[in-house]
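# An overview of the molecular structure
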2 protein chains.
Amino acid sequence: MIKRLNDAIQKKHAPIVVGLDPMLGYIPEQITKKAYAEHGETLEGAAEAIFQFNKGIVDATYDLIPAVKPQIAMYEQFGIPGLMAYKKTVDYCHEKGLVVIGDIKRGDIGSTSGAYATGHIGTIQVGANTFTPFDEDIATVNPYLGSDGVKPFIDVCNANDRGIFVLVKTSNPSSGEFQDRLVDGKPLYEIVGEKVAEWGLTSMDGDYSNVGAVVGATYPEMGAALRKIMPKAVILVPGYGAQGGQGKDLVHFFNEDGLGAIVNSSRGIIAAYKKDEYAQFGAANYADASRKAVEDMIADINGALA
Amino acid sequence: MIKRLNDAIQKKHAPIVVGLDPMLGYIPEQITKKAYAEHGETLEGAAEAIFQFNKGIVDATYDLIPAVKPQIAMYEQFGIPGLMAYKKTVDYCHEKGLVVIGDIKRGDIGSTSGAYATGHIGTIQVGANTFTPFDEDIATVNPYLGSDGVKPFIDVCNANDRGIFVLVKTSNPSSGEFQDRLVDGKPLYEIVGEKVAEWGLTSMDGDYSNVGAVVGATYPEMGAALRKIMPKAVILVPGYGAQGGQGKDLVHFFNEDGLGAIVNSSRGIIAAYKKDEYAQFGAANYADASRKAVEDMIADINGALA
């Protein structure tokens, strides 16, 4: 799977991913109004609004980008109807040829992690039939439970040609509370990074591993250190834009081949029309604002890498 | 919320919780056959089988137990229909007066953790209407992202009288890989435990906090240490029975008031009829086997505490 992602990054010359993390407050009124008229001010109405909002952004940007990253929490907050909108989003992005990174941050012990892996990137047997329940291409995984929480995901990656990104150093302000603690003089995130490198050798796909890592754009110097610790891992880099990261900070997340990282922006793209910079598009043309924001982000990152 | 749980534990004299973690392999043929006849060998058929299996166990045990803990991964693996069975299970257990601990192990940054909290233990506004999407009473939370990943859950606990159990030391064999690493001579799980104690002071409910902790039965000596570090936290203790823990190992998870811990058993209860000990019940009477296993577990733990 990681080869497919890297090929798409090279073909589109765009090491970026658009985070489809819709909040009701981002969605232009013309969309919510129509959805509520059809489904009422209900969870179903909110879910329909979310899907239509996503569809507009995907239609306006899919030719520029290799991948999307829907954040499942933003759908799960609307219960079952929200999760149906998540699944519809995954399927629609597949129709458009995009790699779908499910930002699910799941993680549990043994067979329970196996169940999450099955549901999101695997297949399940019911009687004589086989199903692919959520069908993301790649999932994010929380490592706090250790190897026996992560390996069931890797088994499913190997069985179905899928990938995972393991949380190593997250982009949020308090990520250091546990992740930066020094163990024999070495921060915990480096120890997790070493494990990612070790796990990754069991699922290679071309020059890179199906086992990647999440490292926040907001910690560029840690990104540089982790790049060396995990040479075969693609690093998914959240925190660009709204959280403060910029293209010039991200150079050291990449390898010399120009690969090895994919930078995510969510709010900065999907709610671009709300920023002064893109306000001229207006709410009616929110998706065009997103397209322009994608173009600017690609230029910023490719400019820094050049 | 934690007062409601403690009251139910005292009333039923049963500091235990039944883990509703159904696997298709546990479900007697008479149930799957009927479900597949109605819905086909589909995700919907599997979901119906799971719900009916749960219902049998809940009907046979609800008068003995204060709480259930459905493990969402076991439902999520069947996609949307599976999650609908999860929600039906939550609602059915509420009808029976049980406290529902959603074993969801979610955790993310800021607003994203807020979205998970909203979806599971909170309420969400759509236009003029308010919804409680999944409506569990308590949720398990992963702490790897630090305070700003956990606090949004606590805010929702305070707004809606709900609770959380934060993963501190999990029951699985490789939990030590990161959780036991020594930071200034102190294992990471103790540092997480100290944070749980600190967070807990912001959401007290009677003598205990709505912010509890997960500590595996498989590590009793660590349980004793953590009991002291988090005096006001109720400890949810997985790993009893099938994973190896026994009543006598669990005494030090409790406080002198006889409260402070709730012990989970999943497979040992819900698949009791598959064990030699309870084989005389047979698959037809699987729920009666579960009832007997609950009685034996309560006797084992209360005997050790006496």
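In case you missed it, the structure is sitting above this.
Reading the values: the criteria
- Residues take numbers from 1 onward in each chain, read along the sequence in its written order.
- Whichever chain is written first is A, and whichever ligand is written first is 1; the rest continue in order.
- Whole-chain, interface and lining totals are the exception, using all residues; otherwise, since this is a predicted model, local features are given only for residues with pLDDT of at least 70 and side-chain atom pairs are given and counted only at 80 or more.
- Strand pairing is assigned whenever DSSP identifies at least 2 bridges connecting the two strands.
- Helix and strand assignments come from DSSP, with helices taken as H or I runs of at least 4 residues and strands as E runs of at least 2, each series counted from the N terminus.
- By definition, residue pairs are in contact when their C-beta atoms, positioned from the backbone, come within 7 Å.
- Lines fitted to C-alpha atoms define the axes here, with helix axes fitted over just the stretch in contact, and angles between the N-to-C directions of these axes take values from 0 to 180 degrees.
- Superposition of the copies used a least-squares fit over C-alpha atoms from residues whose pLDDT is at least 70 in both.
- Residues are called buried when their C-beta atom has 20 or more other C-beta atoms within 10 Å, exposed when it has 12 or fewer, and partly exposed otherwise; all C-beta atoms are positioned from the backbone.
- Note on residue categories: nonpolar means Ala, Val, Leu, Ile, Met, Phe, Trp, Tyr, Cys or Pro, charged means Asp, Glu, Lys or Arg, and polar means any other residue, Gly included.

Next up on the list: the sheet that holds strand 6 (residues 138–141) of chain B. All names here are of chain B. Taken in spatial order, the 8 strands of this closed barrel run 1-2-3-6-7-12-13-14, and their pairing is parallel. Both strand 7 (residues 163–169) and strand 12 (residues 211–215) contribute to a ladder of 5 bridges, which runs parallel. Bridge pairing in strand 12 links Val166 to Ala213. Seen against the sheet, helix 10 (residues 220–229) touches strand 7, strand 12 and strand 13 (235–237) and runs at an angle of roughly 165 degrees to strand 12.

This paragraph deals with the relation of the copies chain B and chain A. When chain B is fitted to chain A, the residual RMSD is 0.0 Å, and the transformation amounts to a turn of 180 degrees plus an axial shift of 0.0 Å. This pairing of chains is accounted for by a two-fold axis. For chain B, the smallest separation between a C-alpha atom and the rotation axis is recorded for Val183 of chain B, amounting to 2.6 Å. Taken as a fraction of all interface residues of chain B, those also at the interface in chain A reach 98%, which identifies the copy contact as same-surface.

All names here are of chain B. Of all 5 residues in strand 14 (residues 261–265), 5 are buried; the element is thus mostly enclosed. With 3 bridges connecting them, strand 1 (residues 16–18) and strand 14 associate as parallel partners. Following the sheet pairing, Ile16 is matched in strand 14 by Val263.

Residue and element names in this part refer to chain B. Take Ile269: it is sitting in helix 11 (residues 267–270). C-alpha separation for the pair Ile269 and Leu20, spaced 249 residues apart in sequence, amounts to 8.9 Å. Ignoring anything within four residues of it in the chain, the contact list for Ile269 reads Val18, Ser290, Ala293 and Val294.

Further remarks concern the sheet that holds strand 3 (residues 99–106) of chain A. All names here are of chain A. Read once around its circumference, the closed barrel built from 8 strands follows the order 1-2-3-6-7-12-13-14, with strand pairing classed as parallel. Across 3 bridges, strand 3 lies against strand 6 (residues 138–141) in parallel orientation. Note that in strand 6 the partner of Ile101 across the bridge is Ile138. With respect to the sheet, helix 10 (residues 220–229) is in contact with strand 7 (163–169), strand 12 (211–215) and strand 13 (235–237), its orientation differing from that of strand 12 by roughly 165 degrees.

The partner chain A presents 58 residues to the 59 residues of chain B that form the contact. In terms of residue count, the dominant contributor to the side of chain B that touches chain A is helix 6 (residues 110–121) of chain B (6 residues). Here the residues of the side of chain B that touches chain A are counted per class, giving 29 nonpolar, 22 polar and 8 charged.

With that settled, the discussion passes to unusual backbone geometry. Note on backbone geometry: most residues besides glycine have negative phi, and most peptide bonds are trans. Of note, the phi angle at Lys105 of chain A is positive, near 45 degrees, even though the residue is not glycine. Checked against the element boundaries, Lys105 of chain A lands in strand 3. On the basis of neighbour counts, which here come to 29 C-beta atoms within 10 Å, the residue Lys105 of chain A falls in the buried class. Here Asp161 of chain B, not a glycine, exhibits a phi torsion of approximately 55 degrees, which is positive. Along the chain, the position of Asp161 of chain B falls in the loop between helix 7 (147–160) and strand 7.

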